[in-house]
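Letter by letter, the chains look like this.
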Amino acid sequence: MARYRLGQSEIVALLREPVEADANVGRDGVTSFEGAVGGDAREEMVVRLPRVGDVTDVRSGRFLGHTDRVTVSAPVGEAVVLALSPGG
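Scope of this entry: the structure provided in the associated data block. Note that the coordinates shown come from a computational prediction; the quantities given were computed from them, not determined experimentally. (Residues numbered from 1 in each chain as written. Predicted model: local features only at pLDDT ≥ 70, side-chain atom pairs only at ≥ 80, totals over all residues. Heavy atoms only, no water.)

## Quick notes on the layout of surface pockets
For the largest pocket, the calculated volume is near 150 Å³. Looking at the largest pocket, it is lined by 13 residues, and the ones nearest its centre are Asp-57, Arg-59, Ser-73, Ala-74 and Val-80. Of all elements in the fold, only β5 (42-57), β6 (63-75) and β7 (80-85) reach the threshold of two or more residues within the lining of the largest pocket. A per-element tally of the lining of the largest pocket places β6 first, with four residues. Looking at the lining of the largest pocket residue by residue, the class counts come to six nonpolar, two polar and five charged. (1 Å grid on protein atoms, 1.4 Å probe; cavity = no way out; pocket = protein on both sides within 12 Å on 5 of 7 lines; lining within 4 Å. Points joined across faces, edges and corners; volume = space filled by probe spheres on them. Helix = DSSP H or I, 4+ residues; strand = E, 2+ residues; numbered from the N terminus. Nonpolar A, V, L, I, M, F, W, Y, C, P; charged D, E, K, R; others polar.)

## Let's talk about the pattern of salt bridges
Counted according to the given criterion, the structure contains four salt bridges. A salt bridge links Glu-10 to Arg-3; its shortest N-O distance comes to 2.7 Å. With a relative accessible area of 47%, Arg-3 lands in the partly exposed category. Taking the shortest distance from any N to any O, the salt bridge between Arg-5 and Glu-10 comes out at 3.5 Å. One continuous salt-bridge network, built from bridges that share partners, spans Arg-3, Arg-5, Glu-10 and Arg-51. (Salt bridge = Lys/Arg side-chain N within 4 Å of Asp/Glu carboxyl O. Buried < 20%, exposed > 50% of the residue type's maximum accessible area, 1.4 Å probe, protein only.)

## A word on the nonpolar core
Val-12, Leu-14, Met-45, Val-47, Leu-49, Val-55, Val-70, Val-72, Ala-74, Val-80, Leu-82 and Leu-84 together form the largest nonpolar core, which totals twelve residues. Of all elements in the fold, only β2 (9-14), β5, β6 and β7 reach the threshold of two or more residues within this core. Per-element tally for this core: the top contributor is β5, with four residues. Contact partners of Val-70, with chain neighbours within four places excluded, come to Met-45, Val-46, Val-47, Val-55, Leu-64 and Leu-82. (Core = buried A, V, L, I, M, F, W, Y, C linked by side-chain atoms within 4.5 Å. Contact = heavy atoms within 4.5 Å.)

Below, the structure is given as structure tokens:
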């Protein structure tokens, strides 16, 4: 987890180590992960933030609500990046 402050907003980035996924390393050195059944494996996470605010998924631009707790689903091995702004 990494946290950054930008003015009154805060960025929270999470990356979990894949446990139940097969790793494939391409020629370019990039690692991708696939689930045991095939296709892209996804992982659901419940994220508790340090305070209530307007939460946005930075990668998709999707507004997730005015809260301090969100549930996100991300491809295994990819970072979840959330922006927390005062809002109101």
